[in-house]
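# Geometric and topological summary
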Amino acid sequence: MSTIFAPVTGRGGAVTMLRLSGPAALGITRALAGALPAPRRASLRRLRHGGLLLDQALVVTFPAPHSFTGEDCAELSLHGGRAVLAAVSGALTALGARYAEPGEFSRRAFENGRLDLLEAEAMADLIAAETEAQRRLAVAGADALHQACASWRERLRQLMARQEALIDFPDEDLPPEVDAALSAGIAALRDEMYVALAAAPAAERLREGLEFVILGPPNAGKSTLLNALAGEEIAIVSEAPGTTRDALGVRLDLGGVPVHLTDTAGLRDTADAIEAEGVRRARARAARADFLLLVAGPGDDFAPAPENIPHLRLRTKADLGGPGLSARTGAGMVELRARLAEAARELTDTKGGAALARPRQIACVRDTAAALGRALELSEPELRGEELRLAAAALARLVGGIAVEEVLDAVFSGFCIGK
């Protein structure tokens with residue numbers, strides 16, 4: 001096993017922390033810093049290599065197994081200059097360490113039993129969180145999922161034990177209520193998993209961010225509305241119709257929910273090939289949106305909303321004397337932002353339950369519930385027992401009980417370097 005290192009803090013700050021992990025981590029640190037401080041106690045040391053003073057750093061050591069990765073670890077808090085980082089990194093490489101791959105620290109923590117896959121995914125989501133709602137999902141939602149998974153696993157274990165008893169003691173004249181209770185337990189567990197699956201789209205949308213699309217005829221004030229909601233000049237605004245010819249978007253935080261708000265080409269029949277393509281893209285973007293802002297100026301008709309997509313109709317250009325809101329003067333914009341924030345929260349409301357926020361998690365629970373459903377349809381104890389074992393195997397994949405290499409690569413490749 002090689003010894004790895006990487007910065008665990010962002011570049012450009014006053015301090016850069018380097019983390020080392022692996023069998024030679026403490027030896028390499030000793031070669032740079034001299035005598036090591038007591039474990040988990042920070043101590044100031046001069047770092048030297050090849051007779052040169054590299055930096056004066058805080059050094060902390062974490063002997064295995066009491067470290068993030070479960071291996072010998074050390075952390076060096078350096079001054080934040082790029083030259084300092086380059087010099088210390090060069091010395092670490094010369095002493096036998098190598099630069100870590102993205103997610104390699106977390107993967108070693110998983111392989112050494114310090115994290116399971118759900119905890120690793122939650123940590124990655126917490127690092128990537130842009131809004132308060134995403135932070136809560138990564139912390140509270142993931143914790144709820146972890147607790148639910150533990151409960152599901154224990155209940156499934158109990159169900160499998162009862163089923164094995166029916167297989168091993170077929171001639172013991174067990175009362176019929178034993179089999180009925182087993183079926184009821186399987187059905188209850190399956191139904192609870194389907195409840196979690198029903199809430200999964202909201203958690204996925206919150207993790208990835210929502211897509212809000214502004215749709216309407218040309219010159220209806222769509223670009224002005226985008227700029228007003230963004231608080232900056234994103235789109236070109238002109239009195240000439242057809243100015244916007246492609247989708248143009250901005251990332252917003254609406255009520256703690258990440259939203260990508262997209263301005264689109266005005267909907268109309270046109271002989272201009274480029275504008276026609278913009279209209280086609282506008283309709284395509286609207287068809288896959290999570291929410292639509294249907295915009296119409298004075299005297300305009302609202303564009304029809306695609307089925308099953310929530311939407312809000314907005315009459316614009318109230319500054320010209322009509323009803324509605326004015327993105328130019330700000331009239332009605334505070335109320336609009338509040339309504340959009342509420343819509344974003346409703347679309348991402350997981351009801352406080354287990355947050356299945358990743359396709360891998362959804363697939364594991366869906367496969368478990370499907371196996372439980374098949375078990376309910378079988379009367380032969382041996383066949384039902386096999387379906388319960390398949391359910392247990394699918395559930396084990398959720399926390400990493402079955403180490404499939406491709407799954408692990410997918411989970412940890414999304415981490416930043418240093419984690």
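What you see is a predicted model, and the numbers here were worked out from it, not measured in a lab.

### Section: the sheet that holds strand β9 (residues 257-263)
Pairing is mixed across the open sheet formed by 5 strands, whose spatial order is β8-β9-β7-β10-β11. Each edge of the open sheet carries a strand with a single partner, namely β8 (248-254) and β11 (311-315). Here the strands of the sheet are splayed against their neighbours by 20 degrees on average, with no regard to which way each runs. Across 4 bridges, strand β7 (residues 210-215) lies against strand β10 (residues 291-296) in parallel orientation. Considered in β10, the bridge of Ile214 is made with Leu293.

### Concerning the packing of aromatic side chains
By the definition in use, this model includes 2 aromatic pairs. Geometrically, the ring pair formed by Phe5 and Tyr99 is edge-to-face, given 5.4 Å between the ring centres and 90 degrees between the ring planes. Placement of the pair is Phe5 in strand β1 (residues 4-7) and Tyr99 in strand β6 (residues 98-99), with a sequence separation of 94 residues. Positioned over the ring face of Phe105 is Arg19, at 5.6 Å from the centre of the ring. The ring of Phe302 has Arg313 sitting right over it, with the charged end atom 6.0 Å from the ring centre.

### Observations concerning the environment of Gly322
Of note, Gly322 is situated in the loop between β11 and α9 (333-347). Along the sequence, Gly322 and Gly297 sit 25 residues apart, while their C-alpha atoms lie 9.1 Å from each other.

### Observations regarding the nonpolar core
Core analysis: the largest hydrophobic core is formed by 34 residues, its most contacted members being Phe212, Leu225, Leu229, Leu261, Leu293, Leu336 and Leu340. Looking at this core element by element, the count peaks at 7 residues for α9. For Leu293, the contacting residues outside a window of four places in its chain are Phe212, Val213, Ile214, Leu215, Leu225, Leu229, Leu261, Leu312, Leu314 and Leu340. Listed in part, the 29 residues of the second largest apolar core include Leu159, Ile186, Leu197 and Leu372.

### Quick look at helix α2 (residues 82-94)
Note on helix geometry: an α-helix contains 3.6 residues per turn, so any two residues three or four positions apart are oriented the same way. The first and last C-alpha atoms of α2 sit 18 Å apart over 13 residues, in line with the 18 Å expected at 1.5 Å per residue. What α2 keeps buried is the set Val84, Leu85, Val88, Ser89, Ala91 and Leu92. Axial view of α2: buried residues confined to an arc of 160 degrees, hence all on one face. For α2, the exposed residues lying more than 90 degrees away from the buried face are Arg82, Ala83, Ala86 and Ala94. Tucked into the core, α2 has its buried residues touching β1, β2 (15-21), α1 (25-33), β3 (43-49), β4 (52-62) and β5 (73-79). Downstream of α2 by one or two residues, Gly96 has phi in the positive range, about 115 degrees.

Calculation rules
- Residues numbered from 1 in each chain as written.
- Predicted model: local features only at pLDDT ≥ 70, side-chain atom pairs only at ≥ 80, totals over all residues.
- Heavy atoms only, no water.
- Pairing = 2+ DSSP bridges.
- Helix = DSSP H or I, 4+ residues; strand = E, 2+ residues; numbered from the N terminus.
- Axes fitted to C-alpha atoms, helices over the stretch in contact; angles between N-to-C directions.
- Phe/Tyr/Trp six-rings, centres within 6.5 Å; stacked < 30°, edge-to-face > 60°.
- Lys NZ or Arg CZ within 6 Å of the ring centre and 35° of its normal.
- Core = buried A, V, L, I, M, F, W, Y, C linked by side-chain atoms within 4.5 Å.
- Buried < 20%, exposed > 50% of the residue type's maximum accessible area, 1.4 Å probe, protein only.
- Contact = heavy atoms within 4.5 Å.
- Expected span 1.5 Å × (residues − 1).
- Arc of directions from axis to C-beta.

Geometric values such as these leave the question of function open.
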